[in-house]
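# Observations on chain architecture
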Amino acid sequence: MDSFNEKIAQAAGLIKNAKSIAAFTGAGISTESGISDFRSPGGVWDRYRIVTFQEFIASHEARVEYWHMKNELFTELKHAKPNSAHNALAELEKIGKLRCLITQNIDGLHQDAGNSNVIELHGTNRKAVCITCGKLWAIEDIQARLETDGFDPRCDTCQGFIKPATISFGQAMPEQEMTKAYSCASDCDLLIMIGSSLQVEPAASIPREAHRAGAKLIFMNRTETPYDHLAEVLFRENAGEVLAAILKSLKQYHVK
Ligand SMILES: [Zn+2]
């Protein structure tokens, strides 16, 4: 078993020598920002049942239930700030070492930290969308009228159902985002995966695709993933601390 410092040096070396780095993040990167992993006990999704896209379309009751869940989630998200792992990824982009960032998260914290090229596979909680005409709103504007609209807001242009701009169960993955993600993964020579247990397809196929195309992989996740054997370097430690140590080590190589 490699010691922590050896692994840091190895990861820093990979980053130093890489020409094109991609990052792939999941819920685990945001837990330290006070956002409960939605699968964990007590998390929002533990207390509400999952409303599928089909139910949302078909039933007023399902839409009301869904909006109540989201309303509670937004209150949690409002206070969330990027943590040291988000900030380290922003720093990597700033020093020209991160080309693109693919995320399963819908919390917008990568953009808050300062990353510009963020591919959101599951959409974003920062916006709401009319599922008929595609009109977009800031989520705050819709949240402000939830009570008045009986938790079933409608589009003022076409009367279509308004939904947070996230991808629900039963809803197709956004084609354009998936295409961008695959091209980001297959064009990189190093992929850093943080905070995903790689259980959900097709998102889990992103690191696989990078590996297939010849990229090296660095994994940072508290728990095992089905693809740990593909990783060059594997960390179980806190991602914020790991990334801070890697950035410090990079400075010794005069990568700034
Ligand atoms: Zn509309």
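Residues numbered from 1 in each chain as written. Predicted model: local features only at pLDDT ≥ 70, side-chain atom pairs only at ≥ 80, totals over all residues. Heavy atoms only, no water.

On to the pairing of strand E8 (residues 216–220), then. With respect to burial, E8 is a largely interior element, four of its five residues being buried. Sheet topology places strand E7 (residues 190–194) next to E8; five bridges connect them, and they run parallel. Considered in E8, the bridge of Leu191 is made with Leu217. Each parallel crossover has a hand, and the one from E7 via helix H9 (residues 205–212) to E8 is right-handed. Relative to strand E9 (residues 233–235), E8 runs parallel, the two sharing three bridges. The residue bridging Phe219 from the neighbouring strand is Leu234, located in E9. (Buried < 20%, exposed > 50% of the residue type's maximum accessible area, 1.4 Å probe, protein only. Helix = DSSP H or I, 4+ residues; strand = E, 2+ residues; numbered from the N terminus. Pairing = 2+ DSSP bridges. Right-handed = clockwise from strand over helix to strand, strands pointing away.)

Attention now moves to the nonpolar core. Of all hydrophobic cores here, the largest spans 29 residues; its most connected members are Ile15, Leu89, Leu92, Ile218, Met220 and Ile246. For this core, the secondary-structure elements that each account for two or more residues are helix H1 (4–17), strand E1 (21–25), helix H5 (84–94), E7, E8, E9 and helix H10 (239–252). Among the elements that make up this core, the one with the highest residue count is H10 (six residues). Residues in contact with Leu92, not counting those within four places in the same chain, are Ile15, Lys97, Leu98, Ile192, Leu247 and Leu250. (Core = buried A, V, L, I, M, F, W, Y, C linked by side-chain atoms within 4.5 Å. Contact = heavy atoms within 4.5 Å.)

Attention now goes to the sheet that holds E8. With parallel pairing, the six strands of this open sheet are ordered in space as E3-E2-E1-E7-E8-E9. One side of each edge strand has no neighbouring strand; the edge strands of this open sheet are strand E3 (118–120) and E9. On average, adjacent strands in this sheet sit at an angle of 15° to one another, irrespective of strand direction. Of the strands in this sheet, E1, strand E2 (100–103) and E3 are in contact with helix H8 (residues 175–187), which crosses E3 at around 130°. (Axes fitted to C-alpha atoms, helices over the stretch in contact; angles between N-to-C directions.)

On inspection of all chains with the given rule, the structure shows two aromatic pairs. Taken together, a centroid distance of 5.3 Å and an interplanar angle of 75° make the contact between Phe56 and Tyr66 edge-to-face. Taken together, the positions of Phe56 in helix H3 (residues 53–58) and Tyr66 in helix H4 (residues 60–78) put the pair 10 residues apart, joining distant regions of the chain. With respect to burial, Phe56 and Tyr66 carry one shared label: buried. Positioned over the ring face of Phe161 is Arg63, at 3.6 Å from the centre of the ring. (Phe/Tyr/Trp six-rings, centres within 6.5 Å; stacked < 30°, edge-to-face > 60°. Lys NZ or Arg CZ within 6 Å of the ring centre and 35° of its normal.)

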